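Geometric and topological summary
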Amino acid sequence: MTADHRSRVLAPLEAELPDLEALYVDLHRHPELAFAETRTAGELARRLEASGYEVHTGIGRTGVLGVLRNGPGPTVMLRADIDALPVEEKTGLEYASTAKGVDAGGNEVPVMHACGHDMHATWLSGAADLLARGRAEWSGTLLAVFQPAEEVGDGALGMLRDGVFGHAGAPDVVLGQHLVPGPAGWVLTRPGVIMAATDVLRIVLHGRGGHSSRPETTVDPAVLAAHVILRLQTIVSREISATESAVVTVSTVHVGTVNNVIADHATLEVNVRTFDEQVRTKVLAAVERIVQGEAATAGSPKPPEIARIGSFGVTSNDDAVSAELTEAFGEHFGADRTMEAPLVTGSEDFSEFGKSAGVPSVFWLVGGVDAQTVLTAIAAGRFEQDIPSNHSPLFAPVIHPTLRTGVETLVVGALRKLSAPAVA
Ligand code: ZN
Ligand code: ZN
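Rules and cut-offs
- Residues numbered from 1 in each chain as written.
- Chains lettered and ligands numbered in written order.
- Predicted model: local features only at pLDDT ≥ 70, side-chain atom pairs only at ≥ 80, totals over all residues.
- Heavy atoms only, no water.
- Axes fitted to C-alpha atoms, helices over the stretch in contact; angles between N-to-C directions.
- Helix = DSSP H or I, 4+ residues; strand = E, 2+ residues; numbered from the N terminus.
- Left-handed = near helix turned anticlockwise from the far one by under 90°.
- Contact = heavy atoms within 4.5 Å.
- Nonpolar A, V, L, I, M, F, W, Y, C, P; charged D, E, K, R; others polar.
- Pairing = 2+ DSSP bridges.
- Donors = N, O, S within 2.8 Å, 3.2 Å for Na, K, Ca; no water.
- Buried < 20%, exposed > 50% of the residue type's maximum accessible area, 1.4 Å probe, protein only.
- Tetrahedral: all angles 85-135°; square planar, octahedral: opposite > 155°, others 65-115°.
- Arc of directions from axis to C-beta.
- Domains from an automatic or database assignment.
- Buried area = accessible area lost by both parts, 1.4 Å probe.
- Salt bridge = Lys/Arg side-chain N within 4 Å of Asp/Glu carboxyl O.
- Core = buried A, V, L, I, M, F, W, Y, C linked by side-chain atoms within 4.5 Å.
- Phe/Tyr/Trp six-rings, centres within 6.5 Å; stacked < 30°, edge-to-face > 60°.

1. Considerations on the packing of helix H2 (residues 13-29) against helix H12 (residues 402-417)
The N-to-C vectors of H2 and H12 enclose an angle of 120 degrees; their axes lie 10 Å apart at closest approach. With respect to the hand of their crossing, H2 and H12 are arranged in right-handed fashion. From H2, Leu13, Glu14, Leu17, Leu20 and Glu21 reach across to H12, where they touch Leu403, Arg404, Val407 and Glu408. Of the residues in the contact of H2 with H12, the class split is 5 nonpolar, no polar and 4 charged.

What follows is the structure in structure tokens.
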């Protein structure tokens, strides 16, 4: 596929930007939690239909598949996730969300697109439309997949279980991208592992309850939990080699309900991130050993319970396809707007599609923060403090040039893997 094909497909983008900006702002104002993305899915499906796609909705509850059959050649799948988070937006943007939703526990919560999935959806909607309008420039089949519920880790598997590949067959390659707090207009690629595996553990520590005035009659689960929390910090600092990496975060701690009672149990949730299967096994075994050991030391009346309540595998890119795309992005954007991505400690369920189809997949990152702001923060050694990250209530990507960059990456990536049109 030549640069001419690319530029002909991308030619209408400039004129489309106001409409895509309106879509982005609309999605940002109306975020929906995992598996509740009905308004979002409806709008994205409507746009796919208008672009000439065969559209299937309700896949994996709220997922949308658009199919564009355009002659012989490979099937390329482009994926965007569409769900938002239970976060209260504090960006102060004119189009900030004031939406509310109901979480899995039945509680009303504020909702915000704090991970940029509104931008992901807009990117794919724009790219799908350009590729449809420019279908004379390529041959093959396109699958545009809008996936729900990435944040809860069940959206990709839900669409797969519901037969997303049953309508136009499985793809030959799967491509996806994520908005990150890097310089806007930049594209970051990486061969091999790019994002971490996540394991979420729920740990119940048992004590013996009693009167707050008579601790000698109890086994205090608050003190036990405190020991466990501190000891867990030694896994990364004392058990993992300096050349490996992992994160162990105790995210929630619940113990007791009233000041004059020593509770009979404590519940912790622990979030573990790793990039390597051996390190993953080692960290999980260390958590288990420490929890069991501290409970025994405290004299717990019964053993602790450790349940894995969620997990994502690593997001791993096919080396060969990643190299092809890196080359194509370099050609299109220039060396000053492409760089190697760092390892990301966030996780994704994107890889499930490629794994399920047994085909290569590649996931890359697109920056969304004003480039000068990022470079100034890095120069001052204040990137972590000054640039709000994904999931922050202050996460506020700049629309331009972020929007057009992510449309271009999808078009450039898809054209790299589709066939050239048959010569008439
Ligand atoms: Zn996220
Ligand atoms: Zn995300």
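Still to come is the rest of the account.
2. A word on the sheet that holds strand S12 (residues 246-255)
The antiparallel open sheet is built from 4 strands, whose spatial order is S12-S14-S10-S15. Here the strands that pair on one side only, and so sit at the sheet edges, are S12 and strand S15 (305-312). Direction aside, neighbouring strands of the sheet carry axes that sit 20 degrees apart on average. Bridge count for strand S10 (residues 197-206) against strand S14 (residues 265-274) is 10 bridges, and the pairing is antiparallel. Residue pairing for S14: Asp199 is matched across the bridge by Val272. Along the sheet face, helix H6 (residues 221-239) touches S10, S12 and S14 and points at about 170 degrees away from the line of S12. The strands touched by helix H7 (residues 277-298) within the sheet are S10, S12, S14 and S15, with S10 carrying the most contacts at an inclination of about 10 degrees.

3. Topic: the environment of Val174
Tracing the backbone shows Val174 in strand S7 (residues 173-183). Between the alpha carbons of Val174 and Met77 there is a distance of 4.8 Å; along the sequence they are 97 residues apart. Not counting residues within four places of it along the chain, the set of residues in contact with Val174 comprises Met77, Phe350, Phe353, Gly354, Val359, Pro360, Ser361 and Val362.

4. Quick notes on the coordination of the zinc ion (ligand 2)
Each angle at a metal carrying four tetrahedral donors should ideally be 109.5 degrees, and each at a metal carrying six octahedral donors should ideally be 90 or 180 degrees. Within the first shell, the zinc ion (ligand 2) binds the protein through Cys115 (SG), His117 (NE2) and His178 (NE2), at distances of 2.1 to 2.4 Å. Positions of the donor residues of the zinc ion (ligand 2) along the chain correspond to the pattern C-x1-H-x60-H. The two metals, the zinc ion (ligand 2) and the zinc ion (ligand 1), are separated by 3.1 Å and share Cys115 as a common coordinating residue. Overall, His117 belongs to the buried group, its relative accessible area being 0%.

5. Observations regarding the coordination of the zinc ion (ligand 1)
Of the protein atoms, only Cys115 (SG), Glu151 (OE), Glu151 (OE) and His391 (NE2) coordinate the zinc ion (ligand 1), at distances of 2.0 to 2.7 Å. Viewed at the metal, the 4 donor atoms of the zinc ion (ligand 1) are separated by angles of 52 to 151 degrees, and the geometry they form is irregular. Mapped onto the sequence, the donors of the zinc ion (ligand 1) take the spacing C-x35-E-x239-H. With a relative accessible area of 38%, His391 lands in the partly exposed category.

6. Concerning helix H1 (residues 3-10)
Within the span of H1, buried status applies to His5, Arg6, Val9 and Leu10. Buried residues along H1 cover an arc of 125 degrees about the axis, so they all sit on one side. Those residues of H1 that are buried are in contact with H2, helix H4 (117-133), helix H8 (319-333) and H12.

7. As for the domain arrangement of the chain
Segmenting the chain into domains produces domain 1 (3-194 + 314-417) and domain 2 (197-312). Domain 1 and domain 2 are separated by 36 Å when their C-alpha centres are compared. Of the roughly 780 Å² buried at the junction of domain 1 and domain 2 (both faces included), carbon and sulfur atoms supply 67%. The three residues of domain 1 that bury the most area against domain 2 are Val314, Thr345 and Ser347, which together make up 60% of that side's buried surface. Applying the counting criterion to the domain 1 and domain 2 interface returns 0 salt bridges. For the side of domain 1 that touches domain 2, the class distribution of residues is 4 nonpolar, 4 polar and 3 charged.

8. Overview of the nonpolar core
Ranked by internal contacts, the top residues of the largest apolar core, which has 62 residues, are Tyr53, Leu131 and Leu142. In terms of residue count, the dominant contributor to this core is H4 (9 residues). Ignoring any residue separated from it by four or fewer positions in sequence, one finds Leu142 in contact with Tyr53, Gly66, Val67, Leu68, Val76, Leu78, Leu131, Ala414 and Leu418.

9. What about the packing of aromatic side chains?
This structure, assessed with the given rule, holds 5 aromatic pairs. Judged by centre distance (6.4 Å) and plane angle (55 degrees), the ring pair of Phe165 and Phe353 falls under tilted. Pair noted here: Phe165 is in the loop between helix H5 (155-161) and S7 and Phe353 is in helix H9 (residues 351-357), with a separation of 188 residues, a long-range link. Pair check on accessibility: Phe165 and Phe353 agree, each one buried.

10. What about the packing of H6 against H7?
Orientation of H6 relative to H7, taken along the N-to-C sense of each, is 145 degrees, at an axis distance of 9 Å. Here H6 and H7 pass one another in a crossing that is right-handed. Along the contact surface, H6 presents Leu224, His227, Val228, Arg231, Leu232, Thr234, Ile235 and Glu239, while H7 presents Lys282, Val283, Ala286, Val287, Arg289, Ile290, Val291, Glu294, Ala295 and Ala298. In terms of residue class, the contact of H6 with H7 is built from 11 nonpolar, 2 polar and 5 charged.

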